[in-house]
Each structure stands twice: as C-alpha cells, then as structure tokens.
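The residues making up each chain are set out below.
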Amino acid sequence: MEMLKGKVAVITGGTRGIGYATVRTYLENGAKVALFGSRKETVDKALEELKSENASWEVMGLWPSLTDYAEVEKAINEVKAHFGKIDVLVNNAGVSARESLYEYDPAAFQKTMDINVTAVFNTSRAVAPIMKAEGGGSILNTSSMVSRHGQPAGVAYPTSKFAVNGITISLARELAKDNIRVNAVAPGVTRTDMVSALPQEMQERISAGIPIGRMCEPQDIANAFLFLASDMAAYITGAVLPVDGAATV
Ligand code: NAD
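For the structure given in this document, a descriptive report is provided here.

## Here's the deal with the overall build of the protein chain
Step number 1: Assigned secondary structure in the protein chain consists of nine helices and seven strands.
Step number 2: For a compact globule of 249 residues, the expected C-alpha radius of gyration is about 18 Å, and the protein chain comes in at 17 Å, within 12% of that figure.
Step number 3: C-alpha extents for the protein chain along the principal axes are approximately 45 × 35 × 35 Å.
Step number 4: When the 249 residues of the protein chain are sorted by exposure, 49% land in the buried category.
Step number 5: Accessible area for the protein chain stands at about 12,000 Å²; split by element, carbon and sulfur atoms hold 56% of it.
Step number 6: If the 24 positive side-chain charges of the protein chain are averaged to one point and the 27 negative ones to another, these points end up 4 Å apart.

Quick look at the structure:
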C-alpha cells in the first residue's frame with residue numbers, strides 16, 4: 001500500500017542516516033520528495049543513489065542554510081514551484097553534543113541550538129502558510145530519548161530536544177484550526193554512521209542495556225514518520241512518540 005500517494009514532502013538532513021531512510025520510505029510509499037542537505041556534493045550523491053535504485057522516483061535536492069530564514073523560505077518556495085504543493089515537512093537535520101560544562105564554548109552551545117531549534121522554527125515558519133492555503137498538512141520533528149531524561153554531558157543537545165518538544169506541542173495547538181498536524185518522534189540510540197563507528201563490543205553493551213535487546217535502526221524511525229505523515233494519523237497531533245525499545249520507561 002502506498003501510504004503517502006500523491007503527497008509532497010520536504011525532509012531536512014535527508015542525505016544520510018535517519019533522514020535518508022525516511023526519504024527512501026516516503027518515495028516507496030508514493031510521495032514526491034525534496035531532500036535538504038548541508039552541501040551540494042552530499043545532496044547530489046544521495047539523489048544519484050536514489051535514482052539508481054528507482055529511476056521513476058520523483059525526488060529533488062536543495063542545500064539551504066537552515067539557520068538563515070531567507071534561504072529557507074527561498075528553498076521552500078522552490079519546492080512549491082517545482083511540485084505544486086507541500087503536504088509534509090520532516091525536520092530531521094540535527095547535531096549532537098558531548099562537551100563538559102566546564103569546557104563548554106558558549107558559541108558551540110548556540111550553534112547546537114541554532115541547528116536543532118531555530119532551523120525547526122525557520123522551516124515551520126516558511127511552510128505553514130503554504131499548508132494553510134492548501135487546507136492542511138503535517139509537520140514532523142525529530143526529538144530524542146534525551147528529551148525525557150537529559151544526558152550527563154553536552155547540555156545543549158538535551159536542551160535543544162526539550163525545545164523541539166515545546167515547538168511540537170505549541171504549534172500543534174496553534175495550527176490545529178488550519179488542519180496542520182504537528183508531531184515528533186523521539187528516537188532511542190539509532191544505528192547511524194556515528195554509532196556504527198563505535199567498537200563492536202561497545203555496540204553490544206549498548207544493545208544489551210535496551211529492554212527490547214537491540215539498537216533502533218533508521219528504518220524504525222522512518223516507519224514512525226511514515227505513519228504520522230499518513231492520513232491514518234489524521235487525529236494525532238501534539239504527540240511526541242518514543243521509538244526507543246522501552247529505553248526510557
Ligand atoms: P546524522 O549525523 O547521520 O545525520 C544528520 C543529518 O543532519 C545529516 O543529513 C546532515 O547533513 C544534517 N545536518 C546537520 N547539520 C546540518 C546543518 N547545519 N544544515 C543542514 N543539515 C544539517 O544523524 P542521525 O543520527 O541520522 O540524526 C538525525 C536526527 O535524529 C537528528 O535530529 C538527531 O538529533 C536525531 N536523533 C538521532 C539519534 C541517534 O542515535 N542517531 C537518537 C535520537 C535522535
């Protein structure tokens with residue numbers, strides 16, 4: 001079943017990891033997709049890979065600076081001009097942090113907040129008027145398990161993800177009257193490049209500490225984003241859905 005047949009989606013950070021898995025899953029389910037990345041080279045590589053997998057998939061790529069509102073607005077308008085509408089926005093781009101508070105560079109704190117929070121505001125601000133004019137849409141944000149219990153270093157990261165939950169819940173309330181649903185997914189430890197690079201023994205230790213007995217795969221998150229974007233989730237808005245194998249319960 002093509003759960004997103006006829007829908008147009010914008011997915012930030014779509015060149016690798018969770019974002020790339022979501023782009024593929026949306027295309028497989030009949031959506032047209034605009035993926036946003038940070039550089040032309042990585043965007044081109046992702047587009048090439050996707051096209052070689054299925055030449056009929058309708059996918060385009062752009063690389064606006066997500067922290068610059070004017071660039072984001074221009075890119076969103078380009079997607080609207082290209083595909084004619086925008087039904088779904090997936091805010092997936094994000095960076096993690098590990099610094100100790102005692103050595104924290106204030107500029108690094110701000111940078112994490114800019115990418116993980118301000119960028120979510122920017123894309124939502126640019127896309128909401130388009131969705132409203134079209135009678136509705138779905139905005140999906142990427143939170144984290146750390147938005148439930150924090151983490152013992154890199155304070156900007158959990159701070160930013162608590163803020164993502166705040167944007168999600170607040171915009172859900174504000175935009176419900178325009179039929180725009182706003183939800184978030186809160187992944188547990190997910191096997192993307194960063195995790196795969198850890199020694200095997202450390203990966204096994206992480207998996208053993210998760211009640212379900214394995215790490216989250218990017219596809220697990222893509223599946224949650226698929227359901228929440230689909231019409232099957234028509235009455236779900238303001239939710240922050242943990243997808244973490246019971247790691248936080
Ligand atoms: P990743 O590092 O593999 O991918 C991150 C994506 O964000 C990349 O496509 C990158 O290009 C993009 N990005 C980063 N900075 C950017 C910028 N300044 N401008 C534009 N794009 C930028 O990470 P991932 O693990 O796939 O993470 C995706 C999302 O999931 C993030 O929001 C992350 O916080 C969240 N998350 C990940 C995990 C995990 O364990 N991997 C757990 C919880 C939440």
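More follows now that the structure is in view.
## A word on unusual backbone geometry
The phi torsion of most residues other than glycine is negative, and most of the peptide bonds are trans.
Step number 1: The phi dihedral of Asn-179 is positive, around 60°, even though this residue is not glycine.
Step number 2: Secondary-structure assignment places Asn-179 in the loop between α6 (156-175) and β6 (180-187).
Step number 3: Under the relative-accessibility criterion, Asn-179 is labelled partly exposed at 47%.
Step number 4: Positioned with a positive phi, Ala-246 is a non-glycine residue whose angle comes to about 70°.
Step number 5: With respect to the helices and strands, Ala-246 occurs in the segment after β7 (240-243).
Step number 6: Residue class for Ala-246 comes out partly exposed when judged on its relative accessible area of 32%.

## Remarks on the pairing of strand β5 (residues 137-142)
Step number 1: With six of its six residues buried, β5 lies for the most part within the structure.
Step number 2: Of the two faces of β5, both are covered, the one formed by Gly-137, Ile-139 and Asn-141 as well as the one formed by Ser-138, Leu-140 and Thr-142.
Step number 3: Pairing of strand β4 (residues 88-91) with β5 involves four bridges; the strand directions are parallel. The partner of Val-90 across the bridge, within β5, is Leu-140.
Step number 4: Tracing the backbone out of β4, into helix α4 (residues 106-133) and back to the parallel element β5 gives a crossover that is right-handed.
Step number 5: Where β5 and β6 come together, six bridges link them in parallel fashion. Paired with Ile-139 across the strands is Val-182, a residue of β6.

## Focus: the site of the ligand
Step number 1: Lining the immediate surroundings of the ligand are 22 residues, of which Arg-16, Ile-18, Asn-92, Tyr-157 and Thr-190 lie closest.
Step number 2: Interatomic distance of 3.0 Å between a side-chain N/O atom of Thr-192 and an oxygen atom of the ligand.
Step number 3: Summarising the interface, the protein chains cover 85% of the accessible area of the ligand, which totals 820 Å² for the free molecule.
Step number 4: Counting only elements with at least two residues in the shell around the ligand, the list comes to α1 (17-28) and α6.
Step number 5: Among the residues making up the shell around the ligand, the classes are represented as eight nonpolar, 12 polar and two charged.

## Topic: the sheet that holds β7
Step number 1: Ordered by their spatial adjacency, seven strands build an open sheet running β3-β2-β1-β4-β5-β6-β7, and the pairing between neighbours is parallel. Only two strands of the sheet have a single neighbouring strand rather than two, namely β3 (59-62) and β7. In this sheet, neighbouring strand axes are inclined to one another by 20° on average, regardless of whether the strands run parallel or antiparallel.
Step number 2: The strands touched by α1 within the sheet are β1 (8-12), β2 (32-36), β3, β4, β5 and β6, with β1 carrying the most contacts at an inclination of about 170°.
Step number 3: In the packing of helix α2 (residues 40-53) onto the sheet, the strands contacted are β2 and β3, and the crossing angle to β3 comes to about 170°.

Rules of the game
- Residues numbered from 1 in each chain as written.
- Predicted model: local features only at pLDDT ≥ 70, side-chain atom pairs only at ≥ 80, totals over all residues.
- Heavy atoms only, no water.
- Helix = DSSP H or I, 4+ residues; strand = E, 2+ residues; numbered from the N terminus.
- Rg over C-alpha atoms; globule rule 2.2 N^0.38 Å.
- Buried < 20%, exposed > 50% of the residue type's maximum accessible area, 1.4 Å probe, protein only.
- Areas by Shrake-Rupley, 256 points an atom, 1.4 Å probe, with all protein chains shown as cover.
- Lys, Arg positive; Asp, Glu negative; His and termini not counted.
- Charge placed at Lys NZ, Arg CZ, Asp CG, Glu CD.
- Pairing = 2+ DSSP bridges.
- Right-handed = clockwise from strand over helix to strand, strands pointing away.
- Near = heavy atom within 4 Å.
- Polar contact = N/O pair within 3.5 Å; in protein donor to acceptor, adjacent residues only side chain to side chain.
- Nonpolar A, V, L, I, M, F, W, Y, C, P; charged D, E, K, R; others polar.
- Axes fitted to C-alpha atoms, helices over the stretch in contact; angles between N-to-C directions.
- Contact = heavy atoms within 4.5 Å.

Worth remembering: the numbers are spatial, not functional.
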